[in-house]
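# Architecture at a glance
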Amino acid sequence: MKAELNEMITRIGPGTPCGDLMRRYWQPVALVDEFNPTLDPAMGVRPVKAVRLLGQDFVLFKNADGSYGLLDRDCPHRGANLAFGRNEGDGLRCPFHGWKFDAAGRCTDTPGEPTGSTLCQRIQQRSYPLLEKAGVLFGWFGPEDVSPPPFPAFDCFAAPATHSFAFKGLWNCNWLQAFEVGIDPAHASFLHRFFFDESLEESYGRQFRGASLGELDGQRLPMTKVMREFDQPDISFAPMPYGLQLTSLRPINDQITHTRVTNAIFPSTFVIPLSETMTITQIHVPVDDTKNYWYAIFTSFDAPVDKEVMRNQRLEAVTLPDYIPKSGQHNNWGFSADEQQSRTYLGMGESDINVHDQWACESMGAIQDRTREHLGTTDKVIMANRRNLIKAIETVQAGGTPPGVADSEIAAHRMGPDTVDGLAPTGGVEAWWRHAVQAKRDNAPWDAALKPVAEPLAAEYSPHEEAS
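Residues numbered from 1 in each chain as written. Predicted model: local features only at pLDDT ≥ 70, side-chain atom pairs only at ≥ 80, totals over all residues. Heavy atoms only, no water.

### Here's the deal with helix α9 (residues 354-362)
Counted only if it meets this: Relative accessibility thresholds used throughout: buried, under 20% of the residue-type maximum; exposed, over 50%; partly exposed, between the two (1.4 Å probe, protein chains only). Note on conventions: DSSP H or I runs of at least 4 residues are helices, E runs of at least 2 residues are strands, and numbering of each starts at the N terminus. Contacts: residue pairs with any heavy atoms within 4.5 Å of one another.
Most of α9 is tucked away, with eight of its nine residues classed as buried. Where α9 is concerned, the buried positions are Asn 354, Val 355, His 356, Asp 357, Gln 358, Ala 360, Cys 361 and Glu 362. In the core, the buried residues of α9 are packed alongside β11 (164-171), α5 (175-182), β19 (291-300) and β21 (324-325).

Put into structure tokens, the structure is as follows:
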């Protein structure tokens, strides 16, 4: 890849080609948990947070009625930092001269001005649309004269609060290399290889520690065993309205093929199976060019999510209130040479595979130099996604509608997307996984009450078809 092209697809600040594209999609701003005084006592006193994403600075605050506001951080008077503003329950007041702003960005008071002054009626701070979905606050940062698209109708947003849980973490690298690790089906056999399989009964909430759907010779097969022993997947992809559907096939024997179906939702989200009944929807939102937050939404198609267990599992790896990982370049990501020889392929822990992905992303450098890479057959999804990204940037530059869920005609349709990790009969893979997905939906206590997934949108595609 030429250096100038790498620059175009990675830089996301205001006025950049990729930045203009990314601002057309709903982006995660903060977890609702970040306003929980139990996790951050400061929020019980003053629920105001400085937020940075897409290379811009914002202030996020919570009103007394439970509503939220998201404004540009610089006060429109003389530029003071509104993240230090006084939260008065119905707006944020700048301590510099007392100017007050409501959640819509309207100036409601300029107390130092003469009595009868109408100055505040002419002051408008830029505010941004906010929606609370699945425990996450999402904002839209597109042009002020453009209406945001409908919020995407994915499973993770349709499930009730009892059946979803959200978490996040900071990575010190560009958003694109982080996303590209998530849509790479081959790396799990190496980066996440465990030399020993743990008890399946203790796998709740842990990725690649559960069992694949189905049985082999009457036994459940741990995902770790599949990834370890069958490390040459046949990878294919199909274009979908929301992005790409990915299929990885690992023949176990003549009769059984391990089948894993995942999804890349353009531009920075992927959906993968955590277990037989739970999915992960992970979004990578740029903080700026060299940092990004991943937001993971866990969605259960079975019992309610045990949020306390899942939160405590993940809190061990980060420091609050900013969800900064305890491992990183500063401590070699916790690398152990002894572990690498005896227990894991990487040597960076067995309890949380996020640090594995973090190392892969951060060790490339703050912004990966793609002029030096050499892609192989297993990188076909990476190449397809880059082509889609370049095309989308060019579409927005030409004044067109960006693809996927930034298009109102697509965003409003419920479309899953479906995932599966299981043992399929060789020769009947597609029929098997579609039946497995439907059975999962039929058993979900919340899904039956909703419309079926919009299969007509996907019916014309085979999951084994490769885009040109």
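Past the structure itself, the notes keep going.
### Observations regarding the packing of helix α1 (residues 3-10) against helix α10 (residues 380-397)
Quick reminder of the rule: To get an axis, fit a line to the C-alpha atoms, keeping to the stretch in contact for a helix; angles then go from 0 to 180 degrees between the N-to-C directions. Working rule for angles: under 35 degrees goes down as roughly parallel, over 145 as roughly antiparallel, 65 to 115 as roughly perpendicular, anything else as oblique. Each residue is assigned to one class: nonpolar for Ala, Val, Leu, Ile, Met, Phe, Trp, Tyr, Cys and Pro, charged for Asp, Glu, Lys and Arg, and polar for all the others, Gly among them.
Two numbers describe how α1 lies on α10: the axes approach to 10 Å, and their chain directions differ by 75°. Taken together, the axis directions place α1 and α10 in an arrangement best described as roughly perpendicular. Where α1 approaches α10, its residues Leu 5, Met 8 and Ile 9 are matched on the opposing element by Leu 389, Ile 390 and Ile 393. Taken together, the residues of the contact of α1 with α10 sort by class into six nonpolar, no polar and no charged.

### Regarding the packing of aromatic side chains
Applicable threshold: Under the pairing criterion, centres of Phe, Tyr and Trp rings, with the six-membered ring standing for Trp, must be within 6.5 Å; the plane angle then separates stacked pairs below 30 degrees from edge-to-face pairs above 60, leaving the rest tilted.
Within this structure, the stated rule accounts for 17 aromatic pairs. Geometrically, the ring pair formed by Tyr 128 and Phe 141 is tilted, given 5.1 Å between the ring centres and 40° between the ring planes. In this pair, Tyr 128 sits in the loop between β8 (107-109) and β9 (130-133) while Phe 141 sits in the loop between β10 (136-139) and α4 (155-158), placing the two residues 13 residues apart along the sequence. As far as burial versus exposure is concerned, Tyr 128 and Phe 141 are alike and both buried.

### Some remarks on unusual backbone geometry
The omega torsion across Phe 266 and Pro 267 is 10°, close enough to zero to call that bond cis. In this structure, Pro 267 sits in the loop between β16 (256-265) and β17 (269-273). In this structure, Pro 321 follows Leu 320 across a cis peptide bond, with omega equal to 10°. One can find Pro 321 in the loop between β20 (318-319) and β21. For Ala 134, which is not glycine, the phi dihedral falls at a positive 55°. Relative to the helices and strands, Ala 134 is located in the loop between β9 and β10. Unusually for a residue other than glycine, Asp 217 sits at a positive phi of about 55°. Among the residues examined, Asp 217 registers a relative accessible area of 74% and is labelled exposed.

### Description of the sheet that holds strand β2 (residues 48-53)
For clarity, the cut-off: Strand pairing is defined by DSSP finding a minimum of two bridges between the two strands.
Read from one edge to the other, the open sheet built from three strands follows the order β2-β3-β4, with strand pairing classed as antiparallel. The sheet is open, and its two borders are formed by β2 and β4 (68-72), each paired with just one other strand. Put simply, the sheet's adjacent strands are angled 25° from each other on average, direction ignored. Bridging between β2 and strand β3 (residues 56-62) involves six bridges; their strand directions are antiparallel. Within the sheet, the bridge partner assigned to Ala 50 lies in β3 and is Val 59.

### What to know about the confidence of the model for the chain
For clarity, the cut-off: Values of pLDDT, which run from 0 to 100, indicate the predictor's confidence residue by residue.
Summarising the model, the chain shows a mean pLDDT of 93, and 95% of its residues fall at 70 or more. Across residues 452-468 the pLDDT falls below 50, and counting only partners more than four positions away or on other chains, this stretch makes 42 contacts in the model.

### As for the pattern of salt bridges
Rules: We define a salt bridge as a side-chain nitrogen of Lys or Arg found within 4 Å of a carboxyl oxygen belonging to Asp or Glu.
Across all of its chains, the model carries 31 salt bridges by this definition. Between Glu 34 and Lys 168 there is a salt bridge, and its shortest N-O distance comes to 2.9 Å. Pair noted here: Glu 34 is in the loop between β1 (27-31) and α3 (42-45) and Lys 168 is in strand β11, with a separation of 134 residues, a long-range link. Take Glu 34 and Lys 168: they sit in the same class, and that class is buried. Asp 102 is the salt-bridge partner of Arg 106, the closest N and O atoms lying 2.9 Å from each other.

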